Amino acid sequence: MRLYFHPMTRATRPRWLLEELGAPYELEIVDVYKGEGKRPEYLETHPHGAVPALTDGDLTLIESSAICLYLADQHAAGGLAPPLGSAERGRYYQWMIYSVATAEPPVLKVLRHTQREPNPALADEGRAQWEPVARFIDRSLGDRPFILGERFSAADVMLGSVVALAERLKLNESFPRLQAYAKRLTARPAFQKSRAAT
Ligand SMILES: N[C@@H](CCC(=O)N[C@@H](CS)C(=O)NCC(=O)O)C(=O)O
C-alpha cells in the first residue's frame with residue numbers, strides 16, 4: 001500500500017489508522033502547499049491534486065473517510081471496525097460520515113478565517129456552527145473514553161482528527177469531555193507518528 005501524504009493535512013487520518021493497525025505502507029510525500037498535487041503524474045492518482053490518496057495493487061482510492069473505512073475492513077483482525085450487520089456498525093458509519101459532512105466544515109471555517117483569510121465575522125459564524133456539533137459529540141461520548149464506547153475504533157480517527165483541530169483552535173472550552181477526548185487521542189503514539197514529516 002502506498003499513501004500519498006503531507007503532514008498537517010487530512011492525509012494524517014489514514015496514516016494514523018495505518019499506524020494503529022500496525023499495517024505496512026509506503027509513504028509518498030506530495031507537497032500540496034507547493035503545488036506538487038497539480039503535477040500531471042499525480043493528477044492521474046488524485047483527480048483534484050489533493051491528499052490523501054491510497055493505492056493498493058490496482059486500486060486507487062481518494063477521500064480520507066473512504067480510505068479509513070477500507071483500511072479498517074482490510075485489516076479486520078485489528079478490530080477497529082465493528083462487525084458488519086451489528087447496531088454498532090451502524091453507529092460507526094454515522095460517525096465516519098458525520099466527521100466529514102457535519103463536524104469538519106465549521107472547524108475549517110474557523111481555521112480559514114482566523115488564519116489564511118482573516119475575517120472575524122466568518123470565524124464567529126464557524127464557532128457558532130461548531131457549538132451544536134460539540135454538544136452532540138459531548139453528549140454521545142458521555143463518560144466513555146471513545147465514541148463507540150470502551151473500544152477505540154476507526155471512527156475515533158475520523159472524529160478525533162476534527163475534535164483535535166477544534167481543540168487547537170480553542171473551540172472546546174465549554175466541553176470538558178471533548179477536551180479530555182482530544183487529549184486522550186492525541187497522546188496515542190500512532191497519532192503522534194501520523195504527524196511526522198517522514
Ligand atoms: N474531502 C477530502 C479533502 C482532501 C483535501 O482537500 N486535502 C487538502 C489537504 S487537507 C489538499 O490536498 N489540498 C490541496 C489542493 O486541493 O490543492 C478528504 O477528506 O480526503
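Residues numbered from 1 in each chain as written. Predicted model: local features only at pLDDT ≥ 70, side-chain atom pairs only at ≥ 80, totals over all residues.

(A) The arrangement of the site of the ligand in detail. Within the structure, the ligand sits among Thr 9, Arg 10, Val 32, Gly 37, His 48, Gly 49, Ala 50, Val 51, Pro 52, Glu 63, Ser 64 and Val 100. For the shell around the ligand, the per-class residue count stands at 5 nonpolar, 5 polar and 2 charged. (Near = placed C-beta within 6 Å. Nonpolar A, V, L, I, M, F, W, Y, C, P; charged D, E, K, R; others polar.)

(B) Representation of the domain arrangement of the protein in the model. When its domains are assigned, the protein resolves into domain 1 (2-79) and domain 2 (87-188). Tallying the contact residues gives 8 residues for domain 1 and 8 residues for domain 2. Put simply, the parts of the chain that give the side of domain 1 that touches domain 2 at least two residues each are α1 (12-21) and α3 (64-74). When the residues that make up the side of domain 1 that touches domain 2 are grouped by side-chain class, the tally is 5 nonpolar, 2 polar and 1 charged. (Domains from an automatic or database assignment. Contact = placed C-beta atoms within 7 Å. Helix = DSSP H or I, 4+ residues; strand = E, 2+ residues; numbered from the N terminus.)

(C) Representation of unusual backbone geometry. Look at the link from Val 51 to Pro 52: it is a cis peptide, with omega at 5°. On the secondary structure map, Pro 52 appears in the loop between α2 (40-45) and β3 (53-56). The backbone of Met 8 shows a phi angle near 60°, a positive value even though the residue is not glycine. Mapping Met 8 onto the fold places it in the loop between β1 (2-5) and α1. In the Ramachandran plot, Glu 63 falls in the positive-phi region, its phi being about 85° despite a non-glycine side chain. Note on placement: Glu 63 falls in the loop between β4 (59-62) and α3.

(D) The arrangement of the packing of α3 against helix α4 (residues 87-114) in detail. Two numbers describe how α3 lies on α4: the axes approach to 10 Å, and their chain directions differ by 165°. Overall, the two elements α3 and α4 adopt an arrangement that is roughly antiparallel. The two elements α3 and α4 meet at a crossing, and its hand is right-handed. On the side of α3, the interface is formed by Ser 65, Cys 68 and Leu 69, while α4 contributes Met 96, Ile 97, Ser 99 and Val 100. Here the residues of the contact of α3 with α4 are counted per class, giving 5 nonpolar, 2 polar and no charged. (Axes fitted to C-alpha atoms, helices over the stretch in contact; angles between N-to-C directions. Parallel < 35°, antiparallel > 145°, perpendicular 65-115°, else oblique. Left-handed = near helix turned anticlockwise from the far one by under 90°.)

(E) Broad picture of the sheet that holds β3. Strand order in the open sheet formed by 4 strands is β2-β1-β3-β4, with mixed pairing between adjacent strands. Both edges of this open sheet fall to β2 (26-29) and β4, since each of them pairs with a single strand only. With direction set aside, neighbouring strand axes in the sheet form an average angle of 20°. The pairing of β1 with β3 spans 3 bridges and is classified as antiparallel. Bridge pairing in β3 places Tyr 4 opposite Ala 53. (Pairing = 2+ DSSP bridges.)

(F) Spatial organisation of the packing of α1 against helix α6 (residues 154-168). Packing of α1 against α6 brings their axes to within 10 Å, and their N-to-C directions diverge by 145°. You can see that α1 and α6 cross each other, and the crossing is right-handed. Across from Thr 12, Arg 13, Trp 16 and Leu 17 in α1, the residues of α6 making contact are Ala 154, Val 157, Met 158 and Ser 161. Class assignment for the residues of the contact of α1 with α6 results in 5 nonpolar, 2 polar and 1 charged.

(G) Structural detail: helix α5 (residues 120-141). Counted at 1.5 Å a residue, the expected span for α5 with its 22 residues is 32 Å, and the 30 Å between its end C-alpha atoms agrees. Turning to α5, its buried residues are Gly 126, Arg 127, Trp 130, Val 133, Ala 134 and Ile 137. Looking one or two residues past α5, Gly 142 carries a phi angle of roughly 55°, positive in sign. (Expected span 1.5 Å × (residues − 1). Buried ≥ 20, exposed ≤ 12 C-beta atoms within 10 Å, placed from the backbone.)

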